[in-house]
Amino acid sequence: MGKIISITNQKGGVGKTTSCVNLASYIADVGYKVLLIDLDPQGNACTSVGVEAEKGQATIYEVLLGEASIDESTYQSELKNLKVIPSTVDLAGAEVDLVYMDNRENILKEALQNYKAQYDYIFIDCPPSLGLLTVNALTATDTIIIPIQCEYFALVGLGQLMNTVRLIKKHLNPNIEIEGVLLTMKDNRSNLVSQVSDEIRKYFGDKVYDTFIPRNIRLAESPSHGKPIILYDNKSKGAIAYKSLCDEFLRKQ
């Protein structure tokens, strides 16, 4: 039975999509069967692995509306073991559509129910908000990974995210747990970075990954080429960091 993992942080620009795409890619490269679900209307996760839905093709939006199955919305990426359910800007309308649907918090969970066994891991790239799309992801998920940028403002709003997780655990998904906390865009030359890192470790303890993701220009370039870093430049600092994260993630399973 596949494990569903949501990558979430309501603050944008923390490396959420980059981390989702590259962790999923390295795990697929090891040989695990991985499904990547792009639940962000910006569609950056799917384009980062070279998958874009053509007009008329099914996406995660059609899945949420009940107009297509998971299989009908799934596309093969360049990596053999990595499949993708893309999103488009149409997904932005799902927040409104879902409001009027019965059992609206459980739609994604129910859609995935019969497909979990086909994959070892299902990664969901959540939008940078705490609306109904993210609630659907958190209701469907087994665990969450929280990417946090190593700067002061990254800590602002973290309490709101944790409160949402607590509410989801109480009312919708009693089994949800924190898989890990990932420090991103880390620059070891800054004293503030060390202070923020220490605060995060005090709060989350051993949930914080030893691996951190440095600022790296090759990581920033790879999405524009439609390739995860493993295919774009697997010798860059960013690639080495995500390979290390993959190893640490799998050791903890």
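What counts as what
- Residues numbered from 1 in each chain as written.
- Predicted model: local features only at pLDDT ≥ 70, side-chain atom pairs only at ≥ 80, totals over all residues.
- Heavy atoms only, no water.
- Patch = residues over 30% accessible without salt bridge, like charges linked within 9 Å, V, L, I, M, F, W, Y side chains within 5 Å.
- Areas by Shrake-Rupley, 256 points an atom, 1.4 Å probe, with all protein chains shown as cover.
- Salt bridge = Lys/Arg side-chain N within 4 Å of Asp/Glu carboxyl O.
- Helix = DSSP H or I, 4+ residues; strand = E, 2+ residues; numbered from the N terminus.
- Core = buried A, V, L, I, M, F, W, Y, C linked by side-chain atoms within 4.5 Å.
- Buried < 20%, exposed > 50% of the residue type's maximum accessible area, 1.4 Å probe, protein only.
- 1 Å grid on protein atoms, 1.4 Å probe; cavity = no way out; pocket = protein on both sides within 12 Å on 5 of 7 lines; lining within 4 Å.
- Points joined across faces, edges and corners; volume = space filled by probe spheres on them.
- Nonpolar A, V, L, I, M, F, W, Y, C, P; charged D, E, K, R; others polar.
- Polar contact = N/O pair within 3.5 Å; in protein donor to acceptor, adjacent residues only side chain to side chain.
- Contact = heavy atoms within 4.5 Å.

**Notes on a nonpolar patch on the surface**
A surface patch of nonpolar side chains, amounting to about 430 Å² of accessible area, comprises Tyr152, Phe153, Val156 and Leu192. Mapped onto the elements of the fold, leucine 192 is located in helix H9 (residues 191-204).

**What to know about the nonpolar core**
Membership of the largest hydrophobic core comes to 38 residues, with the highest contact counts inside it found for Leu23, Ile27, Leu36, Leu82, Phe123 and Phe249. Counting residues in hydrophobic clusters, the runner-up holds 26 residues, among them Ile37, Ala94, Ile122 and Leu133.

**Structural notes on the layout of surface pockets**
As a volume, the largest pocket reaches approximately 470 Å³. Looking at the largest pocket, it is lined by 28 residues, and the ones nearest its centre are Gly15, Lys16, Thr17, Thr18 and Met185. Contributions of two or more residues to the lining of the largest pocket are made by helix H1 (16-30), helix H2 (44-48), strand S7 (177-186), strand S8 (208-214) and helix H10 (217-221). For the lining of the largest pocket, the element with the highest residue contribution is H1, accounting for five residues. Along the lines of polarity and charge, the residues of the lining of the largest pocket split into eleven nonpolar, twelve polar and five charged.

**Some points on the side chain of serine 73**
Examined against the element boundaries, serine 73 turns out to sit in the loop between helix H3 (60-65) and strand S3 (75-76). A residue is classified by how much of its surface remains accessible, and serine 73, at 0% relative accessible area, is buried. At a separation of 2.9 Å, a polar atom in the side chain of serine 73 contacts the main-chain carbonyl oxygen of serine 69. Residue contacts for serine 73: discarding those within four places in its chain leaves Ala58, Thr59, Val63, Ala68, Val84, Ile85 and Pro86.

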